[in-house]
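Observations on the three-dimensional arrangement
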Amino acid sequence: MTKKAKITLLAAIAVIIALLVFAGVTGGALDTVPCPDCEAVGTVDCPDCEGGAECDSCDSSGALDCETCSGEGEVIGSFWALIPPVIAIGLALITKEVYSSLFIGVIAGALLAANFSPAPALDVAINSGLISAVSDTAGIFIFLVELGVIVALINKAGGSKAFGEWAQKHIKTRVGAQLATFALGVLIFIDDYFNCLTVGSVMRPVTDKHKISRAKLSYLIDATAAPICMIAPISSWAAAVAQYASDGQGLKLFVMAIPYNFYSLLTLVFIVALAFMKFDYGKMRIHEYNAIMNDDLYTEGDKAEAAEVEPSASGRVIDLVLPIVFLIIMSVIALVYVGGFFGVDAWGGTDFKGDFVGAFGNTDATIGLPWGGLFSLVVIVIYMIFRKLVTFKESMDCVPKGFIAMVPAILILTFATGLKNITSVLGAKYFVGEVMSGAAAGLANFLPAIIFLVACVLAFATGTSWGTFGILIPIVTAIFPEGSEILIIGMSACLAGAVCGDHCSPISDTTIMSSAGGQCNHLNHVSTQIPYAVSVAAISFVMYIIAGLVQNAIICLAIGIALTIGFLFVMKKIADKNHPETKVD
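So, a few notes on the structure that sits alongside this text.

Rules of the game
Residues numbered from 1 in each chain as written. Predicted model: local features only at pLDDT ≥ 70, side-chain atom pairs only at ≥ 80, totals over all residues. Heavy atoms only, no water. Core = buried A, V, L, I, M, F, W, Y, C linked by side-chain atoms within 4.5 Å. Buried < 20%, exposed > 50% of the residue type's maximum accessible area, 1.4 Å probe, protein only. Helix = DSSP H or I, 4+ residues; strand = E, 2+ residues; numbered from the N terminus. Contact = heavy atoms within 4.5 Å. Phe/Tyr/Trp six-rings, centres within 6.5 Å; stacked < 30°, edge-to-face > 60°. Axes fitted to C-alpha atoms, helices over the stretch in contact; angles between N-to-C directions. Parallel < 35°, antiparallel > 145°, perpendicular 65-115°, else oblique. Left-handed = near helix turned anticlockwise from the far one by under 90°. Nonpolar A, V, L, I, M, F, W, Y, C, P; charged D, E, K, R; others polar.

**Considering the nonpolar core**
In a soluble, globular protein the nonpolar side chains are often hidden away together inside. Of all hydrophobic cores here, the largest spans 151 residues; its most connected members are L102, Y263 and F452. Broken down by element, the residue count for this core peaks at 16 residues, all from helix α4 (residues 118-157). Sequence-distant contacts of Y263, that is, excluding residues within four places in its chain, are made with F452, A496, V499, C500, H503, A533, V536, A537 and S540. By size, the runner-up hydrophobic cluster in this structure holds 7 residues, among which are C35, C38, C69 and V75.

**Section: the side chain of S101**
Within the secondary structure, S101 is located in helix α3 (residues 98-113). Take S101: its relative accessible area is 1%, and that puts it in the buried class. Dropping the residues within four chain positions of it, S101 is found in contact with A88, L91, A92 and T95.

**Let's talk about helix α21 (residues 509-517)**
Judged by how many residues are buried, α21 sits mostly within the fold: 9 of 9 residues are covered. The set of residues buried in α21 consists of D509, T510, T511, I512, M513, S514, S515, A516 and G517. Positive backbone phi, at 45 degrees, marks Q519, one or two positions downstream of α21.

**Regarding the packing of aromatic side chains**
A complete count under the given rule lists 16 aromatic pairs for this structure. Among the aromatic residues, those joined into a cluster by ring pairs are Y219, F270, F279, Y281, Y532 and F567.

**Describing the environment of A537**
Take A537: it is sitting in helix α22 (residues 522-550). Separated by 273 residues in sequence, A537 and S264 place their C-alpha atoms 9.6 Å apart. Leave out the neighbours within four places in its chain, and A537 touches Y263, F452 and C500.

**Remarks on the packing of helix α11 (residues 262-277) against α22**
Orientation of α11 relative to α22, taken along the N-to-C sense of each, is 135 degrees, at an axis distance of 9 Å. By the angle between their axes, α11 is oblique relative to α22. For the element pair α11 and α22, the recorded crossing hand is right-handed. Residues F262, Y263, L266, T267, F270 and L274 of α11 lie in contact with α22, whose contacting residues are Y532, A533, S535, V536, A537, I539, S540, M543, Y544 and A547. Taken together, the residues that form the contact of α11 with α22 break down as 13 nonpolar, 3 polar and no charged.

**Topic: the packing of α4 against helix α15 (residues 365-386)**
It is at 8 Å that the axes of α4 and α15 come closest, and there the two elements cross at 20 degrees. Here α4 is positioned roughly parallel relative to α15, judged by the angle of their axes. The handedness of the crossing between α4 and α15 is left-handed. Across the interface between the two elements, D136, G139, I140, I142, F143, E146, V149, I150, L153, I154 and A157 of α4 pack against A365, T366, L369, P370, G373, L374, L377, I380, V381 and M384 of α15. By residue class, the composition of the contact of α4 with α15 is 16 nonpolar, 3 polar and 2 charged.

Shown next as structure tokens:
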């Protein structure tokens, strides 16, 4: 670590200690806001009798204590809830070490939640933070391991090598390799987790052949994962959004908001334009220069490569394509099965029998993806053995190799999810909800731009886009007139901001998955991606100001595309002029 970095770290530690001492002295971390669920009354209408007589649930009173606030009418919620993730992110960017930074963020949050009592703070950190993180994401951990094993099997069978040789013949340029990665990311729109890991596994041999840095590959994966899921009506994201809006209007609002989802749409434009213009800026420029000129795909940090294997000489392209296609099909079937498409859902309900969209909206990816992954893994092992590409022993040797390859992602996801849990304990969503409700008055047509910014900040700090639009969608639907164009714009601003903040955040699960998919050092991925994400975010913010005034999707989108391409032309001239030493023709 350089002297400058050490001074910065010491200054950051001093600020962190000062903030924690101030919070402990003032008790500000335990400040409260009015409970949004009972509107600060402390009670809610009894759902069993709705005020009728002879009800055992409410003793015929017609009301029950609000579960959210336990009848108090207020819940914990202050800006201190956003401090732990800020600490974790700041330390990670300074020290370039993500595990300890996330853990310190968890401990800082636990101290705030327990009002600096050591034993209760430890209980919050372990039980509310880390144990809950493991239990809540155990299904994703299993799917990660399953996918790691499948990738190891395909590599051992020679499928990846054969695909790389095929791609070298048919995808002849770096532009083609980037666009192929982009296209595959667009095609796998079902789920962002699945997108990140699948696209990385398939395209890594291709991008390596064309000397595309792992940081660029991870950016391409990340920039097509969440954004494409956010504009695809049949996806896990659409399903998540649908459940947060009232009166069953969630999916309808989601579809109507797609043309105004500037961040997602303009990110896709940004990727294609950047590929055709053949330049980069920010730290990505250095990574791409080293990849092209020095055959260094990593530039700095650890090389997150899987162990070298001797692939089968009999492997063919079909030995990669068929397992991946089968995995996609089985994952979709498993998701709708869990959602109740074939009769009964995972919770015993039968409301979505025969309803594909409804079942998809009712599914749980943490259950469905492991089911699909496990069934696919068993079939793929049988297929590989039947094709005499691997022996049974070799296929079993791939199990620990696949697990080891996913350990960094699992560790980061555990700490990041624990940090999210701590921010929930501190009432982050209630604080932001109160701020947003208070800001609604008087902002009128400029409110979509404000919503976009708030969603960006909240998703960046908490690392969750789903949690962000879960907080903001009820507020958005409450402050805008029902059926109005400004409601649709406000909804899209909420969704776009959630994706943007999630895209930038080092503690976002999608960002972590993209690093794993591209086998890129996590902080390298974050630091190279942020300039691109912030650029599109700035253009999107301007577009939401314009959209609030113009309220026409076609006109606004045309202006947004023109601004994006114009911005890239300007940045190309600036980058080539200021950094001629890293210019690559």
